[in-house]
Amino acid sequence: MALFYRLRQCGDWFTVLVERLLAAAAPKASRGRLIRIIDATTVPQAGPAARKNSELWRIHSAFDLPYERFGHFELTDQQEGETFDRIPVVKGEIRIADRAYLQPDRISAVLEAGADVLIRAGWKNARWLDAKGCPLDLIAELRAGNARGLIDRPIWIKRKAGAPLAMRLIAVKKSADAAAASRRKARRDAQDENRTISKETLEAADWVILVTSLAPDEFTVEDVLALYRLRWRIELGFKRLKSLIGLKTPPGTDPRSAKPYLLAHLLIILLLEPLVREFEDSPHWTQAA
């Protein structure tokens, strides 16, 4: 029990250790552009009341390439949502995220800090505009590009504050098998949520829709797609964290105990990542010259 009480007081100490390990792996400008994948994972909080209210610990993370390691952690409860600008920007980075992070005002803050962005989009999770500031029908755009199977054009996104956000829309039609699988998933999700699925949602399921600030004269459509395919690396990082390191619900209900428990696991993954990479089955990604 004496050890337990000592560990319960170690939250700030573990925080410092995690921060120092992250700082030691900070990218150097001479090593080229940093690819930074943003996402979050959760573990349930302990105790009957927490289970009843679905209370969680949320670990906001950035996974950095070509380092193949976590470059940032922030620990909160479920009250703190996933925000695109939560993690500090490294100037020159390319920040990649899924559709939950399509947050125009926060994207603007990341761009202003000197990063480029690449984000998956849904057909209706933004207010799309054309060059004149008029509403743009994204489904109509997809239909118009159906024969070619590819769209690469400027687009603007309405913000809550400030001028519309100028971005580049890239949409690529999926293979027949991938599109069928996406439509099946969309139907299952609608059934689980007891809602009627729209024709537009099924049409959009045939496409991979991305928005980015990467310029077309520097990054081709193939380049952008290759970058977005790297997003799975953070999922593998979370898998290591939960299966290899054993991150799970902290014992006890006291946040003073839970925080050191979670931070100790984050510390372990940071210490082990250099060794884990050497034994992975998947090939190590290297940055192109």
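Refer to the structure presented above.
Residues numbered from 1 in each chain as written. Predicted model: local features only at pLDDT ≥ 70, side-chain atom pairs only at ≥ 80, totals over all residues. Heavy atoms only, no water.

A. Spatial organisation of the overall build of the protein chain. Helix and strand counts for the protein chain stand at ten helices and nine strands. Residues counted as buried form 45% of the 289 residues belonging to the protein chain. A sequence separation of at least 24 residues applies to 62% of the contacts in the protein chain between residues at least 6 apart. Surface summary for the protein chain: the accessible area is close to 15,600 Å², and the carbon and sulfur share equals 54%. (Helix = DSSP H or I, 4+ residues; strand = E, 2+ residues; numbered from the N terminus. Buried < 20%, exposed > 50% of the residue type's maximum accessible area, 1.4 Å probe, protein only. Contact = heavy atoms within 4.5 Å. Areas by Shrake-Rupley, 256 points an atom, 1.4 Å probe, with all protein chains shown as cover.)

B. Structural view of the environment of Val-90. With respect to the element layout, Val-90 can be found in the loop between β3 (69-77) and β4 (94-97). On a C-alpha basis, the gap between Val-90 and Ala-115 in space is 7.1 Å, while along the polypeptide they are 25 residues apart.

C. The arrangement of the pattern of salt bridges in detail. Going through the model one piece at a time under the given rule, you end up with 15 salt bridges. In this structure, Arg-168 engages Asp-152 in a salt bridge whose closest nitrogen and oxygen atoms are separated by 2.8 Å. Taken together, the residues Arg-168 in strand β8 (residues 165-173) and Asp-152 in strand β7 (residues 150-157) connect sequence positions 16 residues apart. When its relative accessible area of 6% is taken as the criterion, Arg-168 is described as buried. Three or more residues are tied together by salt bridges with common partners; here these are Asp-39, Asp-98, Arg-231 and Glu-235. (Salt bridge = Lys/Arg side-chain N within 4 Å of Asp/Glu carboxyl O.)

D. The side chain of Glu-93, seen in detail. By secondary structure assignment, the location of Glu-93 is in the loop between β3 and β4. A distance of 2.7 Å separates a polar side-chain atom of Glu-93 from the backbone nitrogen of Val-90. At a separation of 2.8 Å, a polar atom in the side chain of Glu-93 contacts the side chain of Arg-95. Filtering out sequence-adjacent residues up to four positions away, Glu-93 remains in contact with Arg-33, Leu-34, Arg-36, Pro-88, Gly-114, Ala-115 and Asp-116. (Polar contact = N/O pair within 3.5 Å; in protein donor to acceptor, adjacent residues only side chain to side chain.)

E. Molecular detail of the sheet that holds β7. Read from one edge to the other, the open sheet built from nine strands follows the order β3-β2-β1-β4-β5-β9-β8-β7-β6, with strand pairing classed as mixed. Every interior strand has two partners, whereas the edge strands, β3 and β6 (128-129), have only one. As paired elements, β6 and β7 share two bridges and run antiparallel to each other. For Leu-129, the partnering residue across the bridge sits in β7 and is Trp-156. Packing of helix α4 (residues 104-112) onto the sheet brings it into contact with β4, β5 (116-120), β7 and β8, and relative to β8 it is tilted by some 105°. Against the sheet, helix α8 (residues 221-228) engages β1 (35-44), β4, β5, β7, β8 and β9 (207-212), with an angle of about 85° to β8. (Pairing = 2+ DSSP bridges. Axes fitted to C-alpha atoms, helices over the stretch in contact; angles between N-to-C directions.)

F. Main features of the pairing of β3. Of the strand pairs in this sheet, strand β2 (residues 56-65) and β3 are connected by eight bridges, and their pairing is antiparallel. Paired with Ser-61 across the two strands is Phe-73, which belongs to β3. Where β2 hands over to β3, the hairpin turn is made up of three residues, of which Glu-68 adopts a positive phi near 55°.

G. Layout of the pairing of β7. Pairing of β7 with β8 involves eight bridges; the strand directions are antiparallel. Bridging from a neighbouring strand, Trp-156 pairs with Ala-166 of β8.

H. Molecular detail of unusual backbone geometry. Of note in the backbone geometry, Ser-54 takes a positive phi value of approximately 55° without being a glycine. Along the chain, the position of Ser-54 falls in the loop between α3 (48-52) and β2. You can call Ser-54 exposed: its relative accessible area is 52%. We note that Asn-194 has phi near 55°; this positive angle belongs to a residue other than glycine.

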